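As a plain string of letters, each chain reads:
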Amino acid sequence: MGDDISMHMRCIGAIIDYFQWQKVTVIYEDRSSYTADSSIITLLSDVLQDIGAELECFSAFPVLSSLLDPKTTIQEELRKLMNKQSRVFIVAQASLSFTALLFEQAKQLGMMDKGHVWIISDGTTSLLDSVNSSLITSMEGILGFKAYFSDSTASFKTFKARFRRKFLSEYPDEEENPDPSIFALRAYDAFLAIGKATEKRTLTLSSLLSNILSSNFTGLSGVVHFRDNHRIMRIPAFRIVNVVGKSYREMGFWSPNFGFSKKLINHLDEKEESNASSEVLDSVFWSGGSFLVPTGLMKLSLSVSSGKPLRVMVPVNSNFSEYVTSSVTNTSHFSGLAIDIFNAIVERLPYSLAYEFIPFSDGSYDRMVEMVHQKYIDAAVGDIEITANRSRLVDFTQPYIDSALVMVVTIKTDKSQEAWVFMRPFTKGMWCLMAAMSVFTGFVVWLIEHKTNDEFNGSPVQQFGKVLWFSFTTLYLGQRDSHGNNLSRLVMVPWLFLILIVTASFTANLTSMIITSRLVPSSVEVGYLRSTNAAVGCDGGPLSLAYLQNVLGFKAENIRVMFSVDEYAEALTSGRIEAVFLLSPYAKILLVKYCKRFTLSGPSYNLGGFGFVFPKDSSLSSDLSEAIQNLTESGSLQQLEDQMLSLLNCSILETDSTGDQSLGPTPFSGLFILSGGVSVVALLIIIAGSLKAHFQRMNNFQVTLMETRIWRLAAMVLTKNGIRTAPTSTSQENSAQAAQQIDDNKALQLVKNIISNAIITSTTITTI
């Protein structure tokens, strides 16, 4: 009366496929006739093969009653299963007592912890309503499925009431679970079929069997109708349940025709089949208390399974250290984008992979691939191009970075259209030096001429304006014969010669820039380079070289192999090559490092990409490819590349992208020194003459001052002599008499002596 066992296996396969588990382990108790020949394993293997999963192993236990020490036997077998990679365990067939002991031992061994998945079949799940809560608690987190039957019909309700009365009367202590299970319903339907078969008058053994097999009625367990192979004809529906706490909750339904759904109507009405695909199961509470779907695989270290880590060879002579480079102090320590990506994808594997890097410096990348092919090493990591020849020897992962052959050229703009193109012939330093020299020379000429030349006279503001005007006009008007001083002419001779040379150089350089800018095309085409036999650069990779020669048609003698980003930049800037052909990952590095200097030109030619190398038929190749895809879809791969490019510092070359070079002061340094030197000498002469004149004026002023003081001193002496004679007379008459008595000659002689002594004193002071 039970459902076809193949339907159970299909339901298990549907659950495995729904959660996308890759490997499973089957446990069953070998006690039924249909498992005696391991047909259960055959059925499940076929189902798993259809969904792309794998039956890693199975464990068949004898009947529990036949075991001398059931706990030890089950525990030893579970320990063996712990060493397998699969963490999805299916209890396909087992008695309730075996199931209880199995989960008890599994819990002790930690096999009910986070990351483990347990699935029980209909035979065990249908009995969950009849077991005590302690057993259910030990099974928390497991998934199960049980046959569906309708519990809302009048016949079922009548049977349920009678069953409960009978059960409680015989088992009064079992009040917790008195409801009938699917097995009770099937037993009732079996007796009902036998009873219907015996209602006929003529009854033999063969006729009884024929009458039973011809039964066609709706029982408590469902439709009872047999096929020609004596199996129930009905298509079953299963409830999907999840054990939580001391009970379980229904997650949805499954049937062969409609798959998973949340509503039972999908399994009863074929018209609802088209809507079933949109239905999903509720979230599952997994073993260990997690709602995240387990991977179903143990993180098994390769060193544990094989006894040694994976040997990964890494090139140390890569032309682009941004992708892979070794430490200076430790050649076994590597860094770079390829290493970072490899480490990131290994972390995303559903198992732990132990590995060690081995430096490779003896030969080309082809030699390294050959060593992987010959299994001298286990893998190779780096900026390794995926080519057809290499793929014949080894397995590549899917590209972790796509690549195409691209052409990089210098940025060539039409500078004749720039607003400030007239400033380009000279550097900023040259312009500043010319302005400073013009003002300085004008200032020196003004010092020389402003006393004698009316053109340099006026108020201070006017004189300042005349100096600036003179400095500017001499740059393009040349010498006007307005200098009356030979010293100013001496200053102007080297300055005018310097202006003549600088003006001619400015005109020539500006003309060259404008003409060259118009003649050079803004972009370079492959056909133009090929037809003109232009020299082009290449990274030297076998794929790039072969493509340039065999596909694009470049001659071998026109291809220059280079080995560093700086070498590409120098060759492009100097004009040794017209363009460089690089794989796009390398071109990104060149364009970022030398910003605003180079650009892509022409079409790109898809070639493949960079991948990691493994021996042929290696399972790691597919595992890492899947991890690379996950890394790509999450955006982590792009973040790693952006992080690498952000570490590059932009270097700006001094030379102009068109090949023209602005002139600096160096070519004119001799003339600047000569003109500046003459101006400095003239300035010193002017300063010396000014100081001499200043001292002469000071001397004259002091002499005049001293003479003035002498006369004042003489007057004071005469006055004092006159005062001294005044008190000797008491009247005006006495004064007149005294004055007459003074000899006029003696008075005159006294004044002369005083003046003479004052002059001698003044001369002595001046001398000092």
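Data block above holds the structure.
Predicted model only: the values in this text are computed from it and were never measured.

A. Quick peek at the overall build of the protein. Assigned secondary structure in the protein consists of 27 helices and 22 strands. Evaluated residue by residue, the protein yields a buried proportion of 43% over its 768 residues. Within the protein, contacts between residues separated by at least 24 positions form 73% of all contacts whose residues are at least 6 apart in sequence. As displayed, the protein offers around 40900 Å² of accessible surface, 55% of which is attributable to carbon and sulfur atoms.

B. Region of the structure containing the side chain of T397. On the secondary structure map, T397 appears in the loop between β16 (395-396) and β17 (401-410). In this structure T397 comes out as buried when scored by relative accessible area, which is 2%.

C. Inspection of helix α20 (residues 542-551) at higher detail. Every buried residue of α20 is listed here: S544, Y547 and L548. An end-on view of α20 places all buried positions within 95° of arc, on one side of the element. Elements in contact with the buried residues of α20: β17, β18 (536-538), β19 (559-561), β20 (579-583) and β21 (598-610). Following α20 by one or two positions, G553 has its phi on the positive side, about 80°.

D. Region of the structure containing the sheet that holds β17. What the five strands build is an open sheet, ordered β19-β18-β20-β17-β21; its pairing is mixed. One side of each edge strand has no neighbouring strand; the edge strands of this open sheet are β19 and β21. The average angle at which neighbouring strand axes cross in this sheet is 25°, direction not considered. The pairing of β17 with β20 spans four bridges and is classified as antiparallel. Paired with V408 across the bridge in β20 is V580. Against the sheet, α20 engages β17, β18, β19, β20 and β21, with an angle of about 175° to β19.

E. Focus on the sheet that holds strand β10 (residues 259-261). In spatial order, the strands read β2-β1-β3-β4-β5-β8-β9-β10; together these eight strands make up an open sheet with mixed pairing. Two strands bound the open sheet, and with one partner strand each, they are β2 (54-61) and β10. Going from strand to strand, the sheet's axes swing by 25° on average, the running direction of each strand aside. Where strand β8 (residues 238-244) meets strand β9 (residues 247-255), seven bridges bridge the pair, whose relative direction is antiparallel. Across the sheet, the residue bridging to V244 is S247, located in β9. Sheet strands touched by helix α5 (residues 96-108): β1 (23-29), β2, β3 (88-93) and β4 (117-120). Its angle to β4, the strand with the most contacts, is close to 180°.

F. Structural view of the packing of helix α22 (residues 584-593) against helix α24 (residues 636-646). Interaxial distance between α22 and α24 falls to 10 Å at its minimum, and their mutual angle equals 40°. As the angle between them shows, α22 and α24 are arranged oblique. Here α22 and α24 pass one another in a crossing that is right-handed. Contacts between α22 and α24 pair K588, I589 and V592 from the former with E641, M644 and L645 from the latter. Along the lines of polarity and charge, the residues of the contact of α22 with α24 split into four nonpolar, no polar and two charged.

G. Summary view of a nonpolar patch on the surface. The grouping of V680, L684, I687, L691 and F695 at the surface amounts to a nonpolar patch, some 480 Å² of accessible area in total. Within the fold, I687 resides in helix α25 (residues 669-725). Classification of I687 by relative accessible area gives partly exposed; the value is 42%.

H. Layout of the side chain of S621. Turning to its location among the elements, S621 is positioned in helix α23 (residues 619-633). We classify S621 as buried; its relative accessible area is 7%.

I. Region of interest: the pattern of salt bridges. In this structure the tally under the stated criterion is eleven salt bridges. We note a salt bridge from K71 to E104, for which the minimum N-O separation is 4.0 Å. With K71 in helix α4 (residues 70-82) and E104 in helix α5, this pair connects stretches of sequence that are 33 residues apart. The class for K71 is partly exposed, based on a relative accessible area of 45%. For E570, the salt bridge is made with R576, and the minimal N-O distance between the two is 2.8 Å. The exposure class assigned to E570 is partly exposed, which follows from its relative accessible area of 39%.

J. Region of interest: the pairing of β8. A large share of β8 lies buried, amounting to six of its seven residues. With five bridges connecting them, strand β5 (residues 143-147) and β8 associate as antiparallel partners. Bridging across to β8, A147 finds its partner in F238. A loop of two residues connects β8 with β9, the two strands running antiparallel in sequence, and G245 in this loop sits at a positive phi of about 65°.

K. Broad picture of helix α13 (residues 337-347). For α13, the tally of buried residues reaches eight of eleven residues, placing the bulk of the element in the interior. Those residues of α13 that sit buried are L337, A338, I339, I341, F342, A344, I345 and V346. Close packing links the buried residues of α13 with β11 (310-315), β13 (334-335), β14 (355-360), β17, α23 and α24.

L. Structural detail: the environment of T441. When you line up the elements, T441 lands in helix α16 (residues 428-449). Through-space distance from the C-alpha of T441 to that of V678 is 9.6 Å; in sequence the pair is 237 residues apart. Not counting chain neighbours up to four residues away, the residues in contact with T441 comprise V491, M492, W495 and S679.

M. Structural context of the nonpolar core. The biggest cluster of nonpolar side chains holds 72 residues, and the ones touching the most others in it are Y323, L590 and F612. Per element, the largest residue contribution to this core is eight residues, and it comes from α13. Judged by nonpolar contacts, the second largest core, of 42 residues, contains I5, V26, I119 and A147.

N. The arrangement of the environment of I16 in detail. Along the chain, I16 falls in helix α1 (residues 5-19). In the structure, I16 is positioned 72 residues away from V88 in sequence and 8.9 Å away in space, judged by C-alpha atoms. What I16 contacts, discounting residues up to four positions off in sequence, is W21, V24, L48, I51, A53, V88, I90 and I119.

O. A look at the packing of aromatic side chains. Taken as a whole and judged by the stated rule, the model has 35 aromatic pairs. Taken together, a centroid distance of 4.9 Å and an interplanar angle of 50° make the contact between F159 and Y188 tilted. Of this pair, F159 sits in helix α8 (residues 154-170) while Y188 sits in helix α9 (residues 182-197), and the two are 29 residues apart along the sequence. Here F159 falls in the buried class, since its relative accessible area comes to 12%. Ring pairing ties together the aromatic residues F320, Y323, F334, F342, Y355, F357, Y400, Y568, Y586, F610 and F612, which thus form one cluster.

Reading the values: rules and limits
- Residues numbered from 1 in each chain as written.
- Predicted model: local features only at pLDDT ≥ 70, side-chain atom pairs only at ≥ 80, totals over all residues.
- Heavy atoms only, no water.
- Helix = DSSP H or I, 4+ residues; strand = E, 2+ residues; numbered from the N terminus.
- Buried < 20%, exposed > 50% of the residue type's maximum accessible area, 1.4 Å probe, protein only.
- Contact = heavy atoms within 4.5 Å.
- Areas by Shrake-Rupley, 256 points an atom, 1.4 Å probe, with all protein chains shown as cover.
- Arc of directions from axis to C-beta.
- Pairing = 2+ DSSP bridges.
- Axes fitted to C-alpha atoms, helices over the stretch in contact; angles between N-to-C directions.
- Parallel < 35°, antiparallel > 145°, perpendicular 65-115°, else oblique.
- Left-handed = near helix turned anticlockwise from the far one by under 90°.
- Nonpolar A, V, L, I, M, F, W, Y, C, P; charged D, E, K, R; others polar.
- Patch = residues over 30% accessible without salt bridge, like charges linked within 9 Å, V, L, I, M, F, W, Y side chains within 5 Å.
- Salt bridge = Lys/Arg side-chain N within 4 Å of Asp/Glu carboxyl O.
- Core = buried A, V, L, I, M, F, W, Y, C linked by side-chain atoms within 4.5 Å.
- Phe/Tyr/Trp six-rings, centres within 6.5 Å; stacked < 30°, edge-to-face > 60°.

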